[in-house]
Amino acid sequence: MRAEMGRRFFAPAMLVAIAAAALTGLVQLFPTKISPYTIEWKREEHNAITYAPMVTQGAFTKIPFTSFTINGEKAEVFFNIETWTSYIETHSGTVVTFEKCGIPLFITRLGEKYIFIVKSIPDNTLYLGVKFIGGKNSIYQEISHYGVEYVLFRQGLLHDNILYIVLYDNKSEKNYLRAYCVRDDGFSLDHESALPSLSPPPGSHYEMEPPLFLLPEKNGLRVLGGDLNLFVQSRSYKTESKRIPDCRQILEAASGPDGFAYLAAKKENDGDSQFFMESMPDATRRYISRGDGIPWSLGFDAAKEDYTFSLANSPASYRALFVFDLSRSQNAGLMDFGSNNNEGRVAWSQIYYLNGLLDSIQASGRNDAAHAIFDPILPDLRKRVEVEIGTLNAVLYDDGFKTRAFTVDRSPALFAVQTSRLLSLFVRYARLFPQGDNFFDITSLQSSVYTLESHIESLSCGESDAEYCWLTWPKNCPFYFDGLNTPWNHQNMWVGGIFEAARYNRLPSDSPYLENQRRIIRLYAKDMMRKGAFPELPKWHYWWGTAYGGYTADMGISVHKPEYPGDKSQAWISFRTIDVMSVLSALSFMPELDADAIRMSARALIASGAIYPFAMRQLLESGLDCLLEENVAHAYSRAGFPGESANSVWALIALESGRRATR
């Protein structure tokens, strides 16, 4: 961000919750370490994290954890953090360069030419490209969709000389299937249609998350994703769709000689299994018992004439599974590398998985089970984090952190719930690698977040006294709920980011600089917490204040939402997790809070899956070890889309802890 943050750049609810009740009840529930799936923090690191920079200015760096192949041959992506240029190199030495500044998302070979898709940096425009092996000039063709500034590439397949790709349009909240005819002078669009919903559990805002798979078939194309099983006929593009029962999301898919198979996560987390494999055309379903391990690496075994998969149940196999999921995630493992925040992909995807990678690094130094899983890949983890954060800072400097995804007119705006997440990530990186290179000016970013400079929100405090404060969207600002207070998670996230920066800057616990943030937490504690602990799950509301109760048009509250019946619905799991982590971050600066009740109720919520496992890092830093029930650990052990890797880190650590405790 030029104006917003300054720059010093140089290259180098899945489960039913255990209600958080009174402290006495929680102590009875978890009196000691009753579960083998317990994660503890050591006082000192038992292995040194490599602090030396791993990315050299002006040089190309191999990006770890990707899964590009060209004609079945493994290929690696090399990226220059200074020039934003890249190339692909196969293991046999074939090099494919790209004239456009950016990174490849898809590549395949057709005869004497390569067909690829690249994402430019920093504007994130997508291009279809053809590169001729004989030396002709490459052809680039921009991919656009109804004037939207940025479409998200989801998946691609070249089949019968037709290039099929799936794009996500954040404006319409839909995935679109396109079919291009490949010509010597480029591509011609032959078909486009919106895909049916993938049925993501949080709703339509998350249609970009469930992984998608395109499989070739004799007379068409198979599209699998979420709980959707869709067949597309060749040329006519007629479709036949089915829903897969009890399927939360498909994790892997593979073709066989007579059909296909998929490995999926169950929708209902009950019984002895969280995963199943189903093969077609006979619809044979096999459930995998938790005792056997975590299924992964689905494929067709020609010798056995059947579909097979591996099972993870040891440190080495957990590590292999983790790398497999990272490498096969969105964009062949590049995920949201190089993204700007126009559609919120930095705030709601990249920051999640970068924190997950930092978790794996930090946990490896402070927990024996984590060390056994992640220590052998620490250099690659460190390199991936460094090249992503260095590029992220440079992109933000050029493109800013504003987003168009959430305003009424798609005008760019800064949201505190997003900028505070960026601040938390940057201060965490600087804290974990104090001897490494910093890419950013934390002081400038912290000032922007703290003062809400150029943000869409404003700070409000009580008129009769200043005991409580909150964030609001001013009336007539370009947001759907202008004139209203923000939901709990928005203002709590803002507070949490400022507290984390204050901890990094070693501010005293009674610093007056943090008084308004304390007042926001006091309001949350007064309205939502009971007996010092987090609320019972059915009463954990997303909204509070005016939007919670509702209002009529004659009250003149909002321009863009002139009337509203009110929303008393329960907060989604990601929002509850933000609330918990923010209150935990406040403990160092608010001795008035009942720290024991807060920590114990947070531990109960994590253990039962009522909030995300990645909240463990905040609880461990607050001084209490964590529990994760076995079925919860299994349910979160696979990362289907980028953000889920933040949970799989902790799920795998818990499973290895349990394995060690029960040997």
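Residues numbered from 1 in each chain as written. Predicted model: local features only at pLDDT ≥ 70, side-chain atom pairs only at ≥ 80, totals over all residues. Heavy atoms only, no water.

Novice: What should I look at first to understand the overall build of the chain in this one?
Specialist: Scanning the chain for helices and strands turns up 15 helices and 27 strands. For 663 residues, the compact-globule formula gives about 26 Å, and the C-alpha radius of gyration of the chain, at 25 Å, lands near that figure. Principal axes of the C-alpha set define a box for the chain whose edges measure 75 × 55 × 55 Å. Here the chain, with 663 residues, has 61% of them falling under the buried criterion. As displayed, the chain offers around 24400 Å² of accessible surface, 48% of which is attributable to carbon and sulfur atoms. Here the chain holds 65 positive side-chain charges and 75 negative ones, and the gap between their average locations is 1 Å. (Helix = DSSP H or I, 4+ residues; strand = E, 2+ residues; numbered from the N terminus. Rg over C-alpha atoms; globule rule 2.2 N^0.38 Å. Buried < 20%, exposed > 50% of the residue type's maximum accessible area, 1.4 Å probe, protein only. Areas by Shrake-Rupley, 256 points an atom, 1.4 Å probe, with all protein chains shown as cover. Lys, Arg positive; Asp, Glu negative; His and termini not counted. Charge placed at Lys NZ, Arg CZ, Asp CG, Glu CD.)

Novice: Can you walk me through helix α3 (residues 345–366) in this structure?
Specialist: Helical geometry: 3.6 residues make up each α-helical turn, so side chains three or four residues apart lie on a common side. Between its first and last C-alpha, α3 extends 30 Å over 22 residues, near the 32 Å set by a 1.5 Å rise per residue. Within α3, 21 of the 22 residues are buried, which leaves it mostly tucked inside the rest of the structure. (Expected span 1.5 Å × (residues − 1).)

Novice: Teacher, can you tell me more about the nonpolar core here?
Specialist: Soluble, globular proteins show a tendency: their nonpolar side chains are buried together. Ranked by internal contacts, the top residues of the largest apolar core, which has 139 residues, are Phe534 and Trp650. If we ignore the near neighbours within four places in the chain, the residues touching tryptophan 650 are Ile39, Trp41, Asp359, Ala363, Pro613, Phe614, Met616, Arg617, Leu620 and Leu628. With 43 residues, the next largest nonpolar core counts Val96, Phe98, Phe116 and Leu167 among its residues. (Core = buried A, V, L, I, M, F, W, Y, C linked by side-chain atoms within 4.5 Å. Contact = heavy atoms within 4.5 Å.)

Novice: Help me understand the packing of aromatic side chains in this model?
Specialist: For any two aromatic rings, the description comes down to two numbers: the centre-to-centre distance and the angle of the planes. By the definition in use, this model includes 34 aromatic pairs. Ring plane angle 35° and centroid distance 5.1 Å describe the contact between tyrosine 542 and phenylalanine 575, whose orientation is recorded as tilted. Of this pair, tyrosine 542 sits in the loop between α9 (515–528) and α10 (545–549) while phenylalanine 575 sits in helix α11 (residues 573–586); the two residues are 33 residues apart in sequence, bridging distant segments of the chain. Classification of phenylalanine 575 by relative accessible area gives buried; the value is 18%. If you follow lysine 100 out to its NZ or CZ, it ends over the ring of tyrosine 127, 4.5 Å from the centre. (Phe/Tyr/Trp six-rings, centres within 6.5 Å; stacked < 30°, edge-to-face > 60°. Lys NZ or Arg CZ within 6 Å of the ring centre and 35° of its normal.)

Novice: Looking at this structure, how should I read the sheet that holds strand β8 (residues 113–120)?
Specialist: The pairing of strands in a sheet happens through backbone hydrogen bonds and is either parallel or antiparallel. Sheet architecture is open: four strands sit in the order β7-β8-β9-β10, paired in antiparallel fashion. In this open sheet, the two edge strands, each paired with only one partner strand, are β7 (102–110) and β10 (139–143). Each strand of the sheet is rotated relative to its neighbour by a mean of 20°, with strand direction disregarded. Bridge analysis of strand β9 (residues 126–132) against β10 gives five bridges, and the strand direction is antiparallel. Bridge pairing in β10 places glycine 129 opposite tyrosine 140. (Pairing = 2+ DSSP bridges. Axes fitted to C-alpha atoms, helices over the stretch in contact; angles between N-to-C directions.)

Novice: Honestly, the pattern of salt bridges in this entry has me stumped. Any pointers?
Specialist: Pairs may arise between side chains of opposite charge once their charged atoms sit close together. Inspection of the entire model under this criterion finds 31 salt bridges. Two residues, arginine 178 and glutamate 192, come together in a salt bridge whose shortest N-O distance is 2.4 Å. Taken together, the positions of arginine 178 in strand β13 (residues 174–183) and glutamate 192 in strand β14 (residues 186–194) put the pair 14 residues apart, joining distant regions of the chain. For arginine 222, the salt bridge goes to glutamate 217, with nearest N and O atoms at 2.8 Å. When sorted by exposure, arginine 222 lands in the same class as glutamate 217, which is buried. The network of salt bridges with shared partners includes Glu515, Arg518, Arg519, Arg522 and Glu592. (Salt bridge = Lys/Arg side-chain N within 4 Å of Asp/Glu carboxyl O.)

Novice: What's the story with the side chain of asparagine 331 in this structure? I'm lost.
Specialist: Within the secondary structure, asparagine 331 is located in the loop between α2 (315–327) and α3. You can call asparagine 331 buried: its relative accessible area is 5%. A polar contact is formed between the side chain of asparagine 331 and the backbone oxygen of methionine 335, at a distance of 2.8 Å. Setting aside its immediate chain neighbours within four residues, asparagine 331 contacts Phe68, Leu105 and Phe153. (Polar contact = N/O pair within 3.5 Å; in protein donor to acceptor, adjacent residues only side chain to side chain.)

Novice: Is there a simple way to think about helix α8 (residues 488–504) in this case?
Specialist: Here α8 is 17 residues long and its end C-alpha atoms lie 24 Å apart, about the 24 Å a rise of 1.5 Å per residue gives. Most of α8 sits inside the fold, with 15 of its 17 residues counted as buried. Phi turns positive, to about 60°, at arginine 506, one or two residues after α8.

Novice: How should I be thinking about the confidence of the model for the chain in this particular structure?
Specialist: Low-confidence regions, as indicated by low pLDDT, have predicted coordinates that should not be scrutinised in detail. With 92% of its residues at a pLDDT of 70 or more, the chain shows a mean pLDDT of 90. Below a pLDDT of 50 lies the segment residues 1–32, which in the model reaches 107 contacts outside its immediate sequence neighbourhood of four places, other chains included. (pLDDT = per-residue confidence, 0-100.)

Novice: Please clarify how the sheet that holds strand β11 (residues 152–159) should be interpreted in this entry.
Specialist: What the four strands build is an open sheet, ordered β11-β12-β13-β14; its pairing is antiparallel. Only two strands of the sheet have a single partner each, and these edge strands are β11 and β14. On average, each strand axis in the sheet is inclined to that of its neighbour by 25°, with strand direction left out of account.

Novice: Would you mind showing me how to read the packing of α11 against helix α12 (residues 595–608) here?
Specialist: Each pair of packed helices gets described by two things: the angle between the helix axes and the distance between those axes. Remark: α11 packs on α12, axes separated minimally by 11 Å, with the N-to-C direction vectors making an angle of 150°. It follows from the interaxial angle that α11 and α12 lie roughly antiparallel. α12 is crossed by α11, and the crossing has left-handed handedness. Taking contact as the criterion, the partners of Val580, Val583 and Leu584 in α11 are, on α12, Ile598, Arg599, Ala602 and Leu605. Within the contact of α11 with α12, the residues separate by chemical class into six nonpolar, no polar and one charged. (Parallel < 35°, antiparallel > 145°, perpendicular 65-115°, else oblique. Left-handed = near helix turned anticlockwise from the far one by under 90°. Nonpolar A, V, L, I, M, F, W, Y, C, P; charged D, E, K, R; others polar.)

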